[in-house]
Amino acid sequence: MMRMTMILPRQRKVPVWHTVVILAMLSQTPFAVAMQAMSENEMSSISGQDGLRISVSAEEISADTVRWETDAGRYLDSDRIMYTAPGVGRSDMTAGLILESVSFTPVNIDGSLRPGEATLTTQFDVGSGPDGPRLAFEMNVDRVRFMADRISHDAQPDKSYGSLALDFSGQLSFSNSNGIFNDDGNVSLNASVDNAAMFYRQLWHEHPYLVYANMNALWEVIEGSIGIGARRNAPPGAIMADVAGIRTAADFINVRLDNNILYKFPVGLGEDSFTITGQERELMHFGWEGTLRDAELVFRPGGIEYANGRSDGLNFSSRWNYAVSSDTDLPAGASPFRWRFGEVGGPGGYPVRFELSDWVNLPGIEYGHDFPYIGIDVINAGQGAAPLCWGAPQGGACAAGSLVGLQAGQVNDFITPTSNMGGVALSVRDGNLLTYAERVRLFDGSDPSLPFNAGNGYNREFDWGLIYTLANVDGDIYFYPGGNPSDIAGGSLDYGIIADIALMSQTFNGAQQGFDWSRGSHLMIADTDAQMGIGLLGVSFLLLADDTRIWIKPQWNPADHYEGGLDIMSRNTRLAINALFGGTDLTQPESRLLQGALIGFNYEGLLNIRLSPAPLGEHFLGYSMAMRAYRDDSSERLASGLASGEGTYLSFAEPSRPTVEMRLADITGDMAIVNGRIDLRGADEDGDGFPKLVISQDILIGQTAHARMLDSVVGSSLPGGSGAQVLQIGAVEFAGNSLGTIVVPSGQWHTSITLRPQDAHPSFP
């Protein structure tokens, strides 16, 4: 049984709109709460007319704890069979995610607390229309802050994921015919959040946090249906195809989700927590906006799959296509779907951003986006998902591949080693993104919040395609609290996020990995006017990362903006990629395929990636990386898939004769990337009229990388010892014959890649 409970503070008045909101949100959940009688003032804030209209206000709503509990009264044995009674060899599955010191408080647009009350207005109405009786509901909320001061798992209440705050105002309107959840009704739904800001901080005040600022969200269903039902016309064998949930379906859904991702380290600034003051530094802008076609979503109960059923938890399926500019049947208010990336600010007052649009499904694909199962569950140690199959399709005996997966609850780094960590599981199965954009639009010198206009500024439009399709996506990620090393003496290791990551996407030719254009993963650049593309085709990739620390790292040195940022590190990582390098005619991809080389890459070792904000007033994304390749073919690592039995290697083979292979094998040692910079530059920034994407970095090899290697393992240690290690290619092989060994004691290599159009902007002076 899944349940949610709330413990309210003692001797504290509970305003009436608290009751209204909680009952509306949790009407389907077992819930118990003690309430005080309403005063006359509180009663006077409720009025009813023309239906029922409720307008209520409060200075603050708070609760000591809110607990999401799953699998109460269930027990799991070593064969992954669930029981409803305890027994020998059975572990209690009851798990809980705890939000502590939860509150709703009025705030201003900059995050400062606002005196007075926040107001929630709701209105219910019943009427009739051409399609029968209709029930309508509307809700508006003033700008408030939802905050959970501490988020933890009840298996280790002394540890915390950190604090979360969300500032927002929002609106919701909903109406349906012939019943509120009539799956065959005619629904109108519009839900939006305006100029929201979300703050995530791992430690206490004056430690760094991430900010998702200027966040706007929209979900508008146009003449669709919302009701209780299962997926319709699901393919044979689809996951949970017959399980009913809250189903939304519509010919058109308008969506929006965009935000600026910022980094803030407020030490010494004298600011209140979770405020936006102009001292934030930019990482990047990301956004989705436009219309989905033929959309269906189903939100269902059910978490991780075991031998005799699924645990408690929540999951959803989603499938749709993207509207394009050539569509002639879009309703009023609809628009082509775009993905946007770029700067937060810009030197000329407007940021430089690009958007991808005009999507084309791969041949024979009904839905460009089709993810039948994305689930979230609260778990205890040993309650993770079954291993995944690398090298063959999921669901069989995996005879042509190998089983890979990380044990849930086992953490050996950053904290005292334990096999009893509880956490939150995020799983995906059989996901597919089999569509790509045929057009790139560049906002350069104009307001990117307005519709694109090629005549504004130095805006440009290109018939380019960035093809990044993903086939057969499967994965399990387990999130545990702890691991932040910013203030070890002060107890910071009990805060933060540690993750176990198993993620893969595979392209199959029959029952094995191989080339398939229609149902394959491809990473390519295309000239969509000429309908030609080049890059990696038929990609299969695997990522395993054990005990991965996700750290919001402080920047103590004001002169080194690469010191801080979002830092991700695992001492036990495996990254495997199999692909075909080549090119193809996008109109005849199978028959006019140019095969260059079969590429095989397998990395095993330490991996640290850091995304760093630009200095105040500058606009680029900084990055750095540290890698130490080592070989450890222990039985435990081989069983989990962290070790392949071949170590780290890079190979190139003739597609028609795969045994004719050049292989750099048994690679070990240190390598780092520093001063990495991804810079989207406008036409007038360099005075030449050319917009450009510049990617530059310094590659450090062997002993030269030592300082960055030590910086990667703050709070932990380098595998194999703290000393520098030379980069060594243990075997250079051709067609199975050894050609010798290569050793690089040290070295440094600067690289810079610039992508730009062939011609300057025509109006540039």
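Up top is the structure these notes are about.
Heads up: these notes are all about the structure in this document. (Residues numbered from 1 in each chain as written. Predicted model: local features only at pLDDT ≥ 70, side-chain atom pairs only at ≥ 80, totals over all residues. Heavy atoms only, no water.)

## Quick word on a nonpolar patch on the surface
Residues I180, F181, I228, I246 and F299 make up a contiguous nonpolar surface patch of roughly 460 Å² in combined accessible area. On the secondary structure map, I228 appears in strand β12 (residues 209-229). (Patch = residues over 30% accessible without salt bridge, like charges linked within 9 Å, V, L, I, M, F, W, Y side chains within 5 Å. Areas by Shrake-Rupley, 256 points an atom, 1.4 Å probe, with all protein chains shown as cover. Salt bridge = Lys/Arg side-chain N within 4 Å of Asp/Glu carboxyl O. Helix = DSSP H or I, 4+ residues; strand = E, 2+ residues; numbered from the N terminus.)

## Some thoughts on the environment of T573
Position of T573 among the secondary structure elements: in strand β32 (residues 565-585). Considered as a pair, T573 and A643 are 70 residues apart in the sequence and their alpha carbons are 8.9 Å apart. In this structure T573 touches L543, L544, A545, Y603, E604, G605 and L607, once residues within four positions along its chain are discounted. There is a polar contact of 3.3 Å between the side chain of T573 and the side chain of S570. (Contact = heavy atoms within 4.5 Å. Polar contact = N/O pair within 3.5 Å; in protein donor to acceptor, adjacent residues only side chain to side chain.)

## Focus on the sheet that holds strand β6 (residues 91-92)
Read across the open sheet, the three strands follow the order β5-β4-β6; overall the sheet is antiparallel. Looking at strand neighbours, the two that pair on one side only are β5 (82-83) and β6, the edges of this open sheet. Bridge count between strand β4 (residues 75-76) and β5: two bridges; the pairing is antiparallel. Residue L76 lies in a different strand from β5, and its bridge partner there is M82. (Pairing = 2+ DSSP bridges.)

## Description of the pattern of salt bridges
Considering all chains together, one arrives at 44 salt bridges under this definition. Between R681 and E685 there is a salt bridge; the shortest N-O distance is 3.7 Å. You can call E685 partly exposed: its relative accessible area is 25%. Members of the salt-bridge network, linked through shared partners, are E289, R338, R340, E355, D358, R439, R441 and E461. (Buried < 20%, exposed > 50% of the residue type's maximum accessible area, 1.4 Å probe, protein only.)

## Topic: the state of the cysteines
Two cysteines joined by a covalent bond between their sulfur atoms form a disulfide. Counted according to the given criterion, the structure contains one disulfide. Paired through a disulfide, C389 and C398 show a sulfur-sulfur distance of 2.0 Å. Here the disulfide of C389 and C398 is right-handed, its torsion about the S-S bond being about 90°. In this structure C389 comes out as buried when scored by relative accessible area, which is 4%. (Disulfide = S-S within 2.5 Å.)

## Considerations on unusual backbone geometry
The bulk of non-glycine residues show a negative phi, and the bulk of peptide bonds are trans. Non-glycine residue C398 carries a positive phi angle of around 60°. The class of C398 is buried, set by a relative accessible area of 9%. Of note, D430 is a non-glycine position whose phi angle comes to about 60°, a positive value. Mapped onto the fold, D430 is located in strand β23 (residues 423-433).

## Structural notes on the pairing of strand β35 (residues 649-654)
Taking every second residue as pointing to the same face, the buried face of β35 carries Y649, S651 and A653, while none of L650, F652 and E654 on the other face is buried. As paired strands, strand β33 (residues 593-613) and β35 are joined by five bridges and run antiparallel to one another. Pairing of G600 across the sheet is with S651, part of β35. Across five bridges, β35 lies against strand β36 (residues 657-681) in antiparallel orientation. Within β36, the residue paired with F652 across the bridge is M662. Counting the residues in the hairpin turn of β35 and β36 gives two residues.

## What to know about the nonpolar core
Judged by nonpolar contacts, the single largest core of 29 residues is most densely connected at I253, L292, Y322, F337, W339, L356 and W359. Elements supplying a minimum of two residues to this core: β11 (187-201), β12, β13 (245-264), β14 (281-301), β17 (314-322), β19 (353-361), β23 and β24 (435-443). Apart from residues lying up to four places away in sequence, Y322 is in contact with T291, L292, R293, F337, W339, W359, H369, L433 and T435. I498, L606, V674 and A705 belong to the second largest nonpolar core, which has 26 residues in total. (Core = buried A, V, L, I, M, F, W, Y, C linked by side-chain atoms within 4.5 Å.)

## Here's the deal with the packing of aromatic side chains
In this structure the tally under the stated criterion is 20 aromatic pairs. Centroid distance F199 to F274: 5.5 Å. Interplanar angle 50°. Geometry classified as tilted. With F199 in strand β11 and F274 in the loop between β13 and β14, the pair connects residues that are 75 residues apart, well separated along the chain. Summarising the burial analysis for this pair, F199 and F274 share the class buried. Ring centres of W339 and W359 lie 5.6 Å apart, and the angle between their planes is 50°; this geometry places the pair in the tilted category. A residue pair is termed long-range when its members are at least 10 positions apart, and W339 in strand β18 (residues 338-342) and W359 in strand β19 qualify at 20 residues. With relative accessibility at 13%, the residue W339 sits in the buried group. Here W359 falls in the buried class, since its relative accessible area comes to 8%. Joined through ring pairs, the aromatic side chains of F286, W288, Y322, F337, W339, F341, F354, W359 and Y468 make up one cluster. Here the guanidinium or amino end of R90 rests over the ring plane of Y83, the centre of that ring lying 3.5 Å away. (Phe/Tyr/Trp six-rings, centres within 6.5 Å; stacked < 30°, edge-to-face > 60°. Lys NZ or Arg CZ within 6 Å of the ring centre and 35° of its normal.)

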